[in-house]
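Below are the chains, spelled out letter by letter.
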Amino acid sequence: VLFYVFVAAAALPSHRVQKKILREKSGSAMLDMLKSMEGFMTGSEKGFDSHFFQEVRSCMSTFDPNLPLAQDKAWQGIIDYWQMRGSPSDKWGKYPSHLFEYNVTVSSMNGMLIYEPCNYASNIAYYHAFIEICTRKHIGKPFFLSEDYVNAIGKGFSAMAWGSSFWHGSNTKLGLQQDEKSLAVLAYAFHQASLSALKSKSPILHDLSKTPRKKTAIQLIEEFQNMYLTKPVSEWYNITEAFDIPDYTLIYGCLYTTMFTISFDEISVNRLVSIMISMFDVSDYIKEFLLDHYVPEIRRVTSDIHLSPAEHTMFFFNAVGATMKLIYAFLWQEMVLTRDQFFLDPNANSIGWSLLPRVNSVANKLTSFQYFDPNF
């Protein structure tokens, strides 16, 4: 969630041009794009942090031997789409996000126009999250999830890094699709992983549908990777549109409903779900699915789960700590919780940015999660 706040804190409209055009290629499209990003964000000609890049790439190989190449192919897809200037129905830069930042920058990557450079660069935070998962996987406390879920979630974070960068950099429909669908399938993996210990195989719970979906989140993440590896960027939109992925608003609503159900009595759960629905202004379909289908079903299958006082306390504060970060991020995200002009004010952004480490520190102390990079 950190990238939302970074975006708001750094996004001040202007027009910048990075004059030097990249001439030497590294052999990795991912590294070339990150070097270009480093250049227009900091003015440095030294290139992207080589230690961090190697750490990310080494970790990728432990999640899936094909993941480094898939990431290169994904970033290369952005380059190819720029070289094509988009498609006849999806021109580069013709589908703006309507976020506050509009700061057209000419990058060193073949003169590629980047429309929201701070939003674009902020998605490197997903690689930091990926490193946290990788580090815990190898030297930290064991995950209470199967290795398949851990690997899929790690691959999902790495997909978000380039997918959201694509959207904010290109302002294209394809970029928006890759951003939203990558986010949705990652959230879907979180959701299915969170229920993986339950005996029930109800599609209402696991598929967030009244009927079973064709593929699991793990399989969908693999489908995305195979698309990057084997298909040209010109085919990605139609392939992705065919993926059967739940709406990410529905996924997050169900994730929180599960947490509420484990933590509180029925009356409190009903109230909390109603508050959540009103806060996020969800569609009638999502409201109906949550209240009439998901709540009764998750309540039924978890009725025999009884946490000890110590387990309940740990679970509760883990949820509170994670939610603190999410709510603070959404305050600056411009679209979800508030559109108050206060959060676009440069002074308010500076204060919000300075408070971010303190908010994260308090949230971290509430949780039992293991962190490896205190600066992140």
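Sequence positions are assigned chain by chain, starting from 1 and proceeding in written order. Where local features are concerned, this predicted model is filtered to residues with pLDDT of at least 70; where side-chain atom pairs are given and counted, the filter is 80 or more; whole-chain, interface and lining totals use all residues. Calculated side-chain values reflect all of the structure's heavy atoms, with hydrogen atoms and water omitted.

Engineer: Help me get a handle on the overall build of the chain, residues and values and all.
Structural biologist: Check the secondary structure of the chain and you find 16 helices and five strands. Scaling as 2.2 N^0.38, a compact globule of 376 residues should have a C-alpha radius of gyration of about 21 Å, and the chain matches this with 21 Å. For the C-alpha atoms alone, the extent of the chain along its principal axes is close to 65 × 45 × 45 Å. Summary of the burial criterion: residues with accessible area below 20% of their type's maximum are buried, those above 50% are exposed, and those between are partly exposed, where the area comes from a 1.4 Å probe applied to protein chains only. Per-residue burial over the chain gives 52% buried out of 376 residues. Contacts: residue pairs with any heavy atoms within 4.5 Å of one another. Considering only intrachain contacts with a sequence separation of at least 6, the fraction spanning at least 24 residues in the chain is 74%. Note on areas: these come from Shrake-Rupley sampling with a 1.4 Å probe, and a residue is covered only by the protein chains present in the view. A total accessible area of about 18300 Å² is found for the chain, and carbon and sulfur atoms account for 57% of it. Seen as two clouds, the 33 positive and the 37 negative side-chain charges of the chain have centres 3 Å apart. Helix and strand definitions here come from DSSP, where helices need a minimum of 4 consecutive H or I residues and strands a minimum of 2 consecutive E residues; each element is numbered from the N-terminal end. Radius of gyration here uses only the C-alpha atoms, and the compact-globule reference equals 2.2 Å multiplied by the residue count raised to the power 0.38. His residues and chain termini do not enter the charge count, which takes Lys and Arg as positive and Asp and Glu as negative. A charged residue contributes its charge at one atom only: NZ of Lys, CZ of Arg, CG of Asp or CD of Glu.

Engineer: Lay out helix H15 (residues 309–331) in plain terms, naming residues and giving numbers.
Structural biologist: With 23 residues, H15 should reach 33 Å at 1.5 Å per residue; the first-to-last C-alpha distance of 33 Å fits that figure. Residues of H15 that are buried: Asn318, Ala319, Gly321, Lys325, Leu326, Tyr328, Ala329 and Phe330. A helix is expected to span 1.5 Å multiplied by its residue count minus one.

Engineer: Tell me about the packing of helix H2 (residues 29–42) against helix H4 (residues 67–83), residues and numbers included.
Structural biologist: Running from N to C, H2 and H4 point in directions that differ by 55°, and their axes come no closer than 7 Å. Taken as axis vectors, H2 and H4 run oblique relative to one another. Contacts between H2 and H4 involve Ala29, Met30, Met33, Leu34 and Met37 from the former and Gln71, Asp72, Trp75, Gln76, Ile78 and Ile79 from the latter. Basically, the charged four are Asp, Glu, Lys and Arg, the nonpolar ten are Ala, Val, Leu, Ile, Met, Phe, Trp, Tyr, Cys and Pro, and anything else, Gly included, counts as polar. Looking at the contact of H2 with H4 residue by residue, the class counts come to eight nonpolar, two polar and one charged. What counts as an axis is a line fitted to C-alpha atoms, over the stretch in contact for a helix, and the angles between N-to-C directions run from 0 to 180 degrees. To sort the angles, those under 35 degrees are grouped as roughly parallel, those over 145 as roughly antiparallel, those from 65 to 115 as roughly perpendicular, and the leftovers as oblique.

Engineer: Could you give an account of unusual backbone geometry, naming the residues involved and the relevant values?
Structural biologist: Where the residue is not glycine, phi is negative for most of them; where a peptide bond is considered, it is trans in most cases. The phi angle at Arg85 is positive, at roughly 60°, despite the residue not being glycine. Mapped onto the secondary structure, Arg85 falls in the loop between H4 and strand S2 (86–87). Judged by relative accessible area, which is 39%, Arg85 ranks as partly exposed. The backbone of His98 shows a phi angle near 65°, a positive value even though the residue is not glycine. On the secondary structure map, His98 appears in the loop between strand S3 (90–91) and strand S4 (105–106). Taking the relative accessible area as the measure of exposure, His98 reaches 73% and is therefore exposed.

Engineer: Provide a residue-level description of the confidence of the model for the chain, including the pertinent values.
Structural biologist: Looking at the chain as a whole, the pLDDT averages 89, with 91% of positions reaching at least 70. The pLDDT value tells you how sure the predictor is about a given residue, anywhere from 0 up to 100. Scored below 50 in pLDDT, residues 1–23 shows 65 contacts in the model against residues more than four places distant or in partner chains.

Engineer: How would you summarise the nonpolar core if you had to cite specific residues and measurements?
Structural biologist: Considering soluble globular proteins, one finds that nonpolar side chains tend to be buried as a cluster. In terms of nonpolar packing, the biggest core is built from 91 residues, with Trp75, Met112, Tyr127, Phe130, Trp162 and Tyr294 touching the most fellow members. Looking at this core, the element that brings in the most residues is helix H7 (residues 147–170), giving ten residues. When neighbours within four sequence positions are excluded, Met112 is seen to be in contact with Met33, Ile78, Ile79, Trp82, Trp92, Thr105, Val106 and Ser107. Here, nonpolar core refers to any group of buried Ala, Val, Leu, Ile, Met, Phe, Trp, Tyr and Cys residues whose side-chain atoms link them within 4.5 Å. Of all hydrophobic cores here, the second largest spans five residues; its members include Tyr328, Trp332, Leu356 and Val359.

Engineer: Got a sec to walk through the packing of helix H3 (residues 50–63) against H4? Specific residues and values, please.
Structural biologist: The interhelical angle for the contact between H3 and H4, taken along N-to-C directions, is 120°, at an axis separation of 7 Å. Classified by the angle their axes make, H3 and H4 are oblique. Residue-level contacts link Arg57, Met60, Ser61 and Phe63 of H3 to Leu67, Pro68, Gln71 and Asp72 of H4.

Engineer: Which residues make up the pattern of salt bridges, and what are the values?
Structural biologist: Here, a salt bridge means any Lys or Arg side-chain nitrogen found within 4 Å of an Asp or Glu carboxyl oxygen. Scanning the model with the defined rule gives eight salt bridges in all. The closest approach of N and O atoms between Glu288 and Lys210, which form a salt bridge, is 4.0 Å. Remark: Lys210 occurs in the loop between helix H9 (203–206) and helix H10 (217–230) and Glu288 occurs in helix H14 (residues 284–301); sequence separation between them is 78 residues. With a relative accessible area of 27%, Glu288 lands in the partly exposed category. Lys210 sits in the partly exposed class, given a relative accessible area of 49%. With a closest N to O distance of 2.8 Å, Arg300 and Glu297 form a salt bridge. With Arg300 and Glu297 both in helix H14, this residue pair falls three residues apart, about one helical turn. Residues participating in the shared-partner salt-bridge network are Asp64, Lys155 and Glu222.

Engineer: Please give an account of the side chain of Thr257 that cites residues and values.
Structural biologist: You can see Thr257 is positioned in helix H12 (residues 248–263). Look past the residues within four positions of Thr257 in its chain and what remains in contact with it is Val273, Met276, Leu290, Tyr294, Val295 and Ile298.

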